[in-house]
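A look at the structure
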Amino acid sequence: MNPNHPSLGWIGLGTMGLPMALNLQTHLTHTNAPPLHFYNRTPTHSAPLHELGGTPSPNIQDLLTKINICFLAVTDDNAVKSIINTMIESPDHIRNKIIVDTTTVHPETSSWAQKCLRAVGAGYIASPVFGASPVAKEGKLLFVMAGREEDVRGVEGFVVGVMGRKVVKVGGDGDVGRASLLKCTGNFLTAGMMELVSEAHVFAEKSGLGNDVLESLIEEQFGALPFAMSRRITGGFYLPERGQRPWSDLNLAIKDVGLGVACAEGAGTRLPVAELVLEHLREARGYAEGNGRALDSSAMYGVLRDRAGLDFESEEVKRRDGERN
């Protein structure tokens with residue numbers, strides 16, 4: 001084992017965090033580096049990482065004593081603030097460490113985290129990611145980073161070719177909120193495209209054109225991302241099987257699109273398409289709560305089906321669920 005290799009930590013092993021951490025631990029094993037130290041609020045979620053060689057810590061303060069760089073992958077602004085506040089309670093443990101936050105948060109939260117950590121001598125990189133959980137498993141996420149240049153250089157080698165395909169640098173140490181702002185903007189674009197693809201598929205079914213021929217057009221004419229969205233819909237992934245995690249959780253999508261709307265309001269403009277998407281996602285949440293189902297961020301498709309006089313569940317979903325029963 002290389003004793004000069006920086007020791008890495010991880011906090012948050014949810015739908016995105018776990019596959020990212022597994023890829024990182026695999027890389028550390030292959031390079032004969034120290035294992036990944038990790039902490040997760042729900043210990044049962046960490047079993048795959050532990051089995052792969054990761055080392056659990058009983059709490060955040062214990063983890064900080066063992067690492068040089070720590071990645072965060074949690075749910076929202078409140079979770080990030082809680083973790084940062086816990087970290088700075090013991091300045092000696094956090095001093096000279098680098099915190100890499102992959103969570104999608106409001107730009108003001110990123111700026112706040114940087115200020116808090118800088119006050120105790122620690123570095124902060126805002127590093128939200130683009131891609132759903134299957135992309136995370138493949139290690140092909142797109143990382144957007146803003147932070148001190150030497151800190152970013154110090155973590156790139158653990159990202160490119162390990163957890164992600166590329167790093168997009170959008171701001172230096174004085175402007176870390178730009179990474180979060182770009183992520184909010186990108187989420188708006190993604191949600192808007194999903195809305196368009198969903199509407200088109202409902203139109204194709206109602207008009208008799210057919211979903212297969214539409215999907216062929218999307219693949220040949222509009223590229224990989226809209227085609228992947230189309231497959232998410234026609235494959236029934238917008239409404240996962242009972243007991244299965246969605247590719248991208250509906251509630252997180254509501255949070256993420258809401259961040260974009262809030263940022264636009266703060267800039268003195270509006271995102272009308274995002275507001276429409278939010279309306280459909282919130283309606284989908286009502287379906288999820290009423291039927292005890294976890295839904296994907298593409299679940300506006302079910303809402304649009306329902307509004308067009310179709311069942312929320314597509315024929316593919318009915319066939320799949322019928323075969324499981």
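A quick note: this is a predicted structure, and the numbers were derived from the prediction, not measured.

If you look at the biggest cluster of nonpolar residues, it comprises 34 residues, and the most contacted ones within it are Leu239, Val257, Leu281, Leu295 and Phe312. Taken together, the elements giving at least two residues each to this core come down to helix 9 (177-207), helix 10 (211-222), helix 11 (224-234), helix 12 (250-266), helix 13 (272-291) and helix 14 (300-307). Leu239 has contacts with Tyr287, Arg293, Leu295, Phe312, Glu313, Val317 and Arg320, leaving out every residue within four places of it along the chain. In this structure, Ala21, Ala33, Val152 and Val155 belong to the second largest nonpolar core, which totals 30 residues.

One pass over the full model with this rule turns up five aromatic pairs. Ring geometry for Phe237 and Trp247: centres 4.5 Å apart, planes at 25 degrees, overall stacked. Of the two residues, Phe237 is situated in the loop between helix 11 and helix 12 and Trp247 in the loop between helix 11 and helix 12; the sequence distance between them amounts to ten residues. The class of Phe237 is partly exposed, set by a relative accessible area of 33%. Seen from their ring centres, Tyr238 and Tyr301 are 5.0 Å apart, and the 90 degrees between their planes marks the pair as edge-to-face. Note that Tyr238 is positioned in the loop between helix 11 and helix 12 and Tyr301 in helix 14, a separation of 63 residues in sequence. One aromatic cluster in this structure is built from Tyr238, Tyr287, Tyr301 and Phe312. Of note, Lys183 hangs over the ring of Phe130, and the distance from its end group to the ring centre comes to 5.2 Å.

In contact at an axis separation of 8 Å, helix 9 and helix 12 are set at 115 degrees when each is read in the N-to-C sense. Handedness of the crossing formed by helix 9 with helix 12: left-handed. Residues Leu181, Cys184, Asn187 and Ala191 of helix 9 touch helix 12, and the partners they reach there are Asp256, Val257, Leu259, Gly260 and Cys263. When the residues that make up the contact of helix 9 with helix 12 are grouped by side-chain class, the tally is six nonpolar, two polar and one charged.

The next thing to look at is the pattern of salt bridges. Working definition: two side chains of opposite charge can pair if their charged atoms are close together. As enumerated under the stated definition, the model contains 20 salt bridges in all. In this structure, Asp311 and Lys318 form a salt bridge, with 2.4 Å as the shortest nitrogen-oxygen distance. According to the relative accessible area criterion, Asp311 is partly exposed, its value standing at 41%. A relative accessible area of 35% places Lys318 in the partly exposed class. A salt bridge links Glu315 to Lys318; its shortest N-O distance comes to 3.6 Å. In this pair, Glu315 and Lys318 are both assigned in helix 15 (residues 315-324), three residues apart and thus about one turn of the helix distant.

Take the UniProt feature "domain: 3-hydroxyisobutyrate dehydrogenase-like NAD-binding" (unreviewed entry) in the chain next. According to UniProt, the "domain: 3-hydroxyisobutyrate dehydrogenase-like NAD-binding" (unreviewed entry) feature falls on residues 177-303. Between the C-alpha atoms that bound residues 177-303 there is a distance of 34 Å. The span itself is 75% helix and 0% strand.

The sites that UniProt annotates as "active site" (unreviewed entry) are Lys183. Looking at where Lys183 falls in the secondary structure, it is placed in helix 9. When sequence neighbours within four positions are dropped, the list of residues in contact with Lys183 reads Thr104, Pro128, Val129 and Phe130.

Most of strand 8 (residues 141-146) sits out of view: six of its six residues are buried. Going residue by residue along strand 8, you find Leu141, Phe143 and Met145 tucked away on one face and Leu142, Val144 and Ala146 tucked away on the opposite face as well. Relative to strand 8, strand 7 (residues 129-130) runs antiparallel, the two being bridged by two bridges. Within strand 8, the residue paired with Phe130 across the bridge is Leu142. Judged from the six bridges that link them, strand 8 and strand 9 (residues 164-171) form a sheet pairing that is parallel. Considered in strand 9, the bridge of Met145 is made with Lys169. Regarding topology, helix 8 (residues 149-156) serves as the crossover connection from strand 8 to the parallel strand 9, and that connection is right-handed.

What counts, and where the lines are drawn
- Residues numbered from 1 in each chain as written.
- Predicted model: local features only at pLDDT ≥ 70, side-chain atom pairs only at ≥ 80, totals over all residues.
- Heavy atoms only, no water.
- Core = buried A, V, L, I, M, F, W, Y, C linked by side-chain atoms within 4.5 Å.
- Buried < 20%, exposed > 50% of the residue type's maximum accessible area, 1.4 Å probe, protein only.
- Helix = DSSP H or I, 4+ residues; strand = E, 2+ residues; numbered from the N terminus.
- Contact = heavy atoms within 4.5 Å.
- Phe/Tyr/Trp six-rings, centres within 6.5 Å; stacked < 30°, edge-to-face > 60°.
- Lys NZ or Arg CZ within 6 Å of the ring centre and 35° of its normal.
- Axes fitted to C-alpha atoms, helices over the stretch in contact; angles between N-to-C directions.
- Left-handed = near helix turned anticlockwise from the far one by under 90°.
- Nonpolar A, V, L, I, M, F, W, Y, C, P; charged D, E, K, R; others polar.
- Salt bridge = Lys/Arg side-chain N within 4 Å of Asp/Glu carboxyl O.
- UniProt positions renumbered as here; feature names shortened; annotations may be inferred.
- Pairing = 2+ DSSP bridges.
- Right-handed = clockwise from strand over helix to strand, strands pointing away.

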